[in-house]
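# Structural overview
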Amino acid sequence: MKSNVSTESRKSKDERKVLRKQIKASHTLLKHEGICTTPQPTKCLVIANGGLGNGVSREELSAALQEMGEVEKLVMPPHKPYAFVTFRSEDGARKAHANLNGWKLLCGGSSVTLYLSYVDSVKYKEAASVPLPEGLVLVENFVSPEEEAQLLNAIDWSATHDNDTAQKSLKHRRVKHYGFEFRYDINNVDKDKPLPAGLPEECVPVLHRCVEHGHTNILPDQLTVNQYESGQGIPPHVDTHSAFEDTILSLSLGAKTVMEFRHPDGRVAAVVLPERSLLVMKGESRYLWSHGITPRKFDMVPAEEPRTDAPTESGIQSNLTLSRRGTRTSFTFRKIRQDPCRCAFPSACDSQGGPSPSPGPSLPSSHADAARLEEEYVHRVYHTIASHFSDTRHTPWPRVCRFLSSLPPGSILADVGCGNGKYLGVNADLIAVGCDRSTALVQICAARGYQAFVSDALSVPLRAASCDACISIAVIHHFSTAERRLAAVTELVRLLKPGGQALIYVWAFEQEYNKQKSKYLKQNFKEDHGEFSSTNSVSEKSQKSTGEQISDPSCHLEKSHKPSDNMQDISPEGRLSVHTNRTAFTSQDLLVPWHLKGGKLQREENPDLSSGTDPSPESDSDPNTSKLSPAASQASASALKPASSQVPVFHRYYHVFQQGELEQLCALVSGVQVKSSYHDQGNWCVVLQKE
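Every chain is numbered on its own, with residues counted from 1 as its sequence reads. Only residues with pLDDT of at least 70 are given local features in this predicted model, and only at 80 or more are side-chain atom pairs given and counted; all residues enter the totals for whole chains, interfaces and linings. Calculation of side-chain values draws on the structure's entire complement of heavy atoms; hydrogens and water are dropped beforehand.

Bringing the overall build of the protein chain into the picture now. Numbering of helices and strands runs from the N terminus; a helix is a DSSP stretch of H or I covering at least four residues, while a strand is a stretch of E covering at least two. A count of helices and strands for the protein chain gives 15 helices and 35 strands. For every residue, the accessible area obtained with a 1.4 Å probe (protein chains only) is divided by the maximum for its type, and the residue is called buried under 20%, exposed over 50%, and partly exposed between those limits. Each of the 691 residues in the protein chain was classed as buried or not, and the buried ones make up 56%. Summarising the internal contacts of the protein chain: among those between residues at least 6 apart in sequence, 71% fall at separations of at least 24. Here the protein chain has roughly 28,400 Å² of accessible surface; of this, 49% comes from carbon and sulfur atoms. Contacts are assigned to residue pairs that have any heavy atoms within 4.5 Å of one another. In short, Shrake-Rupley with a 1.4 Å probe defines the accessible areas, and a residue's cover is counted only from the protein chains shown.

With that settled, the discussion passes to helix α2 (residues 58-66). Looking only at α2, the buried set comprises Arg58, Leu61, Ala64 and Leu65. Around the axis of α2, the buried residues are gathered within 140° of arc, so they sit on the same side. Structurally, α2 contributes buried residues whose contacts are with β1 (44-48), β2 (71-75), β3 (82-87), α3 (90-100), β4 (104-107) and β21 (320-324). Taken from the helix axis, the directions to the C-beta atoms give the arc we talk about.

Turning to helix α10 (residues 439-447), a few remarks are in order. Along α10, the positions that sit buried rather than exposed are Leu441, Val442 and Cys445. Looking straight down α10, one finds its buried side chains confined to an arc of 100°; they lie on one side. Looking at α10, the residues exposed on the side facing more than 90 degrees away from the buried face are Gln443 and Ala447. The N-capping residue of α10, defined by a side-chain oxygen 3.4 Å from the backbone nitrogen of alanine 440, is serine 438. Glycine 449 lies just past α10 and shows a positive phi near 90°. Pairs of N or O atoms within 3.5 Å make up the polar contacts considered here, provided that, within protein, one atom can donate a hydrogen while the other can accept it, and that residues adjacent in sequence are counted only when both atoms are side-chain atoms.

In this section: the pairing of strand β33 (residues 649-655). For β33, the buried fraction is high: seven of the seven residues fall into the buried class. Burial of the side chains of β33 extends over both faces: Val649, His651, Tyr653 and His655 are buried on one face and Phe650, Arg652 and Tyr654 on the other. When DSSP finds two or more bridges between two strands, those strands count as paired. Relative to β33, strand β32 (residues 589-595) runs antiparallel, the two being bridged by seven bridges. For leucine 590, the partnering residue across the bridge sits in β33 and is tyrosine 654.

With that settled, consider the side chain of lysine 675. Residue position: lysine 675 is located in strand β34 (residues 672-679). What lysine 675 contacts, discounting residues up to four positions off in sequence, is Thr28, Pro81, Val687, Leu688 and Gln689.

Ranked by internal contacts, the top residues of the largest apolar core, which has 31 residues, are Cys470, Ile476, Val489, Ile504, Leu662, Cys666 and Leu688. Looking at this core, the elements with two or more residues in it are β23 (412-416), β26 (467-473), α11 (482-495), β27 (496-507), α15 (661-667), β34 and β35 (683-690). Here the element with the most residues in this core is α11; it accounts for five residues. Counting 25 residues, the second-largest nonpolar core is a separate cluster that includes Leu45, Leu74, Val112 and Tyr118. The definition of a nonpolar core used throughout is a set of buried Ala, Val, Leu, Ile, Met, Phe, Trp, Tyr and Cys residues joined through side-chain atoms within 4.5 Å.

A separate point is the sheet that holds β27. A sheet is described by the order of its strands in space; here seven strands give the open sequence β25-β24-β23-β26-β27-β35-β34, paired in mixed fashion. Two strands close off the open sheet at either side, each with one partner strand: β25 (452-454) and β34. Between one strand axis and the next, the sheet turns through 15° on average, direction left out of account. Here β27 runs beside β35; their pairing, made up of seven bridges, is antiparallel. Looking at β35, one finds that leucine 503 is bridged to valine 687. To get an axis, fit a line to the C-alpha atoms, keeping to the stretch in contact for a helix; angles then go from 0 to 180 degrees between the N-to-C directions. Across the face of the sheet, α11 comes into contact with β23, β26, β27, β34 and β35 while running at roughly 150° to β27.

Aromatic rings from Phe, Tyr and Trp, with only the six-membered ring used for Trp, were paired whenever their centres fell within 6.5 Å, and each pair was classed as stacked if the ring planes differed by under 30 degrees, edge-to-face if by over 60, and tilted otherwise. In this structure the tally under the stated criterion is nine aromatic pairs. Arranged with centres 6.3 Å apart and planes meeting at 35°, the rings of tyrosine 287 and phenylalanine 345 form a pair that is tilted. With tyrosine 287 in helix α6 (residues 283-287) and phenylalanine 345 in the loop between β22 (328-334) and α7 (367-379), this residue pair connects regions lying 58 residues apart in the sequence. A positively charged side chain is recorded as over a ring if its NZ (Lys) or CZ (Arg) lies within 6 Å of the ring centre. The angle to the ring normal must also be within 35 degrees. The ring of phenylalanine 142 is capped by arginine 209, whose NZ or CZ atom sits 5.4 Å from the centre of that ring. The ring of phenylalanine 244 is capped by arginine 334, whose NZ or CZ atom sits 4.2 Å from the centre of that ring.

In this section: unusual backbone geometry. With a phi angle near 75°, asparagine 49 is a residue other than glycine that sits in the positive phi range. If you trace the backbone, asparagine 49 turns up in the loop between β1 and α2. According to the relative accessible area criterion, asparagine 49 is buried, its value standing at 3%. Of note in this structure, arginine 276 is not a glycine but carries a positive phi near 75°. Counting through the fold element by element, arginine 276 comes out in the loop between β17 (268-273) and β18 (278-281).

Here's what the structure looks like:
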């Protein structure tokens, strides 16, 4: 009898725990996502922790839901930690609510705990798709499985270095060249030095078929073979105009992936490249759009394969799922150009006086390289610009203040990368302490009466589980490798008590969101065009009342900047380029200028620095004002003094995050959940909670 009573008591205790967490999840969805739940049963449910942003695939979640009843619609917003389901009947929703609340769903070797709440309705607006770049053609199943095997077997990766094929192991892939070597140090080929190894004979039938089908009218004489393991990729780039003729052919073998094409005006077309497909790039898609593959282990792809006769278009869809990457090998065929390029895109053409940037510092290939890069391009500058930097960091960001104000009185807060401490005094009821790598900025904090100490964000000298909350505002994007960025998030989680929360802000690659330019781009638009008009997004009120979610659109600027302004982000492979301020990004790893004169800005001499701040993401910008963009950061620097100006220019390293990348990074940290994520004035932001 005692045993039965104990069992019933324990079950009741577990049920109460699930109920508490389910209610807490509902409050989090309302607070951070504007999703209003209802206690009355309906056919519609929101599933906290059941989203693509938490590593949950459509197939895994759908299988669990189908056991509860017939599912009418499953909506999984891109990169979000939640999903919506609508059942055919209210009985199915009731059964799911009763049986799946607190249920652990296995996802690729790990598990997430689901919490379900009713919503009145689900309205999901599909984003407008971005058409494929002009001149881009995708041909599925261009080679047979037998031909695929022959081509892969023709490539011998056993040797570490092979002079005949100029084999190299780059940061994110292995590479071989045939016919001619493409030299990443000069971003070109030496046309007078052909390689001993010609194109493999296994490629000849495939190339003749390309000619027969009209994909090219000349046989290529250069081949680059790239092998990507899961989690690897290639930076955005445009194949050098002066090196190769118009048509570029690329075979995808071994596994599928997603390649992103980016126009200089900010438009993005994400194209799924199926296994054994042929990608043909001509004209504008070859000469003007950059293309690259983001390093990650999962891609978001349509759950249903597109018809082969249907045009493939990029756009955020509601039927997305996760696709685990495998080992992919690409065969990229090109024809060496003997005469200068005379394409129709002179602003992007190195033969016609377009940008041909000199190589910047190399991307790090080891922990030691990363530490040296960050020391030079992130840390040293503070001895020079700390006072000026602090002068431009005065207005706390509203959504960061909202997070801090929501913490209970007496909570212990750690601001890791606190800068001049502008967030340490937001909520006087907190016990707040900050740390920063810069001694000069920590001294400014002390002068303002704040508690702060010098520390590296990768090793904070505080006890584990000692903080109720942590914030990291515009810091993690200064770490130069994925491993170090992951270590920074892991360190934040280590500091948190169970149930504690962390708020993270990083600069976004996408400086336009929901058809709204960030202040960073708006400022440039005002300077160049006199005024700026934008399309308002759906109001917060309408989202709260219906559970409506607007899908995250691809970047698409209504007005374009000059291509020559933006193409400067593209530099030789493995090198960092200098970004042109107030333009859309075309590369994730780059150097952003900081202009300084006597610690004060002079707009007349430096038009890039109008509004009294620099154009970096750490500039103060309230979304309700006309200033710039977010919070306290560390800068990287290498000072240059142009001959035409006495204003020193410091270059700071940044890794700008693509949509979903921050959530994916946080998902790699054990014992923590992404409670919410959002875009705030050109930044990607997440709220984490420690389990």
